[in-house]
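What follows is the residue order along each chain.
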Amino acid sequence: MACGTGIKIRNVNKTFIARGGSVDALRGISLDIGAGEFFCIVGPSGCGKTTLLRILAGLEDSSGGRVIINTANGNGRPLNSMVFQEQSVFPWMTVRNNVAYGLRLRGIGKKERLAVADRYIRMIGLTGFADAYPHQLSGGMKQRVSVARAFANDPEILLMDEPFGALDEQNRILLQQELLRIWEESRKTTVFITHSIDEALCLGDRVMVMTAHPGRIKKIVDIDLPRPRDIAAIRTTLRYNQLFQTIWLTLRDEVLKGKEIELAH
Ligand SMILES: Nc1ncnc2c1ncn2[C@@H]1O[C@H](COP(=O)(O)OP(=O)(O)OP(=O)(O)O)[C@@H](O)[C@H]1O
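Thresholds, definitions, all that
- Residues numbered from 1 in each chain as written.
- Predicted model: local features only at pLDDT ≥ 70, side-chain atom pairs only at ≥ 80, totals over all residues.
- Helix = DSSP H or I, 4+ residues; strand = E, 2+ residues; numbered from the N terminus.
- Rg over C-alpha atoms; globule rule 2.2 N^0.38 Å.
- Buried ≥ 20, exposed ≤ 12 C-beta atoms within 10 Å, placed from the backbone.
- Contact = placed C-beta atoms within 7 Å.
- Pairing = 2+ DSSP bridges.
- Axes fitted to C-alpha atoms, helices over the stretch in contact; angles between N-to-C directions.
- Near = placed C-beta within 6 Å.
- Nonpolar A, V, L, I, M, F, W, Y, C, P; charged D, E, K, R; others polar.

**Regarding the overall build of the protein**
(1) Moving on: Broken down by element type, the protein carries eight helices and nine strands.
(2) Moving on: Against the globule reference of 18 Å for 265 residues, the protein gives a C-alpha radius of gyration of 19 Å, in line with a compact fold.
(3) Moving on: With the C-alpha coordinates of the protein rotated into their principal frame, the extents come out at 55 × 45 × 35 Å.
(4) Moving on: In the protein, which comprises 265 residues, the share counted as buried stands at 40%.
(5) Moving on: Restricting to contacts in the protein with at least 6 residues of sequence separation, those with at least 24 account for 74%.

Pasting the structure below:
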């Protein structure tokens, strides 16, 4: 079942006015993200990935251009849910109440919201921890709770800013596989930022490589690896290695440019 919300981005620019001058963060970003697509963004540090995601989330205004998100009218669903790199669970709420939080804000009755929360808690493998508080969980478990909360909220689009960046490798692989499984069920339009080419390849339908500061689109690569994906298995394929090379060669020059820019400051 494809979720029907696509995103059109037209000539988006962003300039931050800061003390001592202005910072050109994004320049001329135009692209379409399809309904139900898993769209990944990679690029050197400081190229504007988070800024673009914050513009899509409505947390930041663009300085020029337009973002059009075609939503199904009047279905009462929130436009987006964002999952951040740092753990953003509420420490004073149990896992169940954290996951049900967005549903409570929308006035969904207790019985229904707890049933939805429990479904996602089961999907992320934390059933035994539904009544636990965040301080009783590991970092990986807290990040699982953030992912479950985002899905339980049933937004039109999911925006994820390096959600697994702070996790150790074992936890990262487990969560990537869980995210794939939940996403394959819902086919929710997802925009996912990562520093990892491997992660982008394992998860994405397409990967956008951005240029070093100011961020522009350098290349968009189709990830024609079959779904459903088993992360361990696709990494052993020839196609995975070809795509990794393509993306790395596209990214390498930009990472080097980004480093020069950093050194110049
Ligand atoms: N509120 C702000 N005020 C001024 N400059 C900002 C602000 N937010 C971001 N910037 C600048 O805009 C540029 C893009 O930042 P952004 O955080 O979007 O990059 P990024 O690609 O997400 O970086 P990273 O990969 O390191 O997280 C950077 O030069 C940053 O310093």
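**Observations regarding the pairing of strand β3 (residues 38–42)**
(1) Moving on: Burial runs high along β3: five of the five residues are buried.
(2) Moving on: Of the two faces of β3, the one carrying Phe38, Cys40 and Val42 and the one carrying Phe39 and Ile41 are both buried.

**Section: the sheet that holds strand β9 (residues 217–222)**
Through backbone hydrogen bonds, the strands of a sheet pair up, either in parallel or in antiparallel fashion.
(1) Moving on: Taking strand neighbours across the sheet as the criterion, the six strands line up as β5-β6-β7-β3-β8-β9 in an open arrangement whose pairing is mixed. The sheet is open, and its two edges are formed by β5 (80–83) and β9, each paired on a single side. Between one strand axis and the next, the sheet turns by 15° as a mean value, whatever way the strands run.
(2) Moving on: Where strand β6 (residues 157–161) meets strand β7 (residues 189–193), five bridges bridge the pair, whose relative direction is parallel. Its bridge partner being in β7, Met160 is matched across the sheet by Phe192.

**Focus on the site of the ligand**
(1) Moving on: In the vicinity of the ligand lie 13 residues, with Phe16, Ala25, Ser45, Thr50 and Thr51 positioned nearest.
(2) Moving on: Of all the elements in the fold, those that place two or more residues in the shell around the ligand are β1 (7–18), β2 (21–33) and α1 (49–56).
(3) Moving on: Take the shell around the ligand: its biggest share by element is three residues, from α1.
(4) Moving on: Classifying every residue of the shell around the ligand gives five nonpolar, seven polar and one charged.

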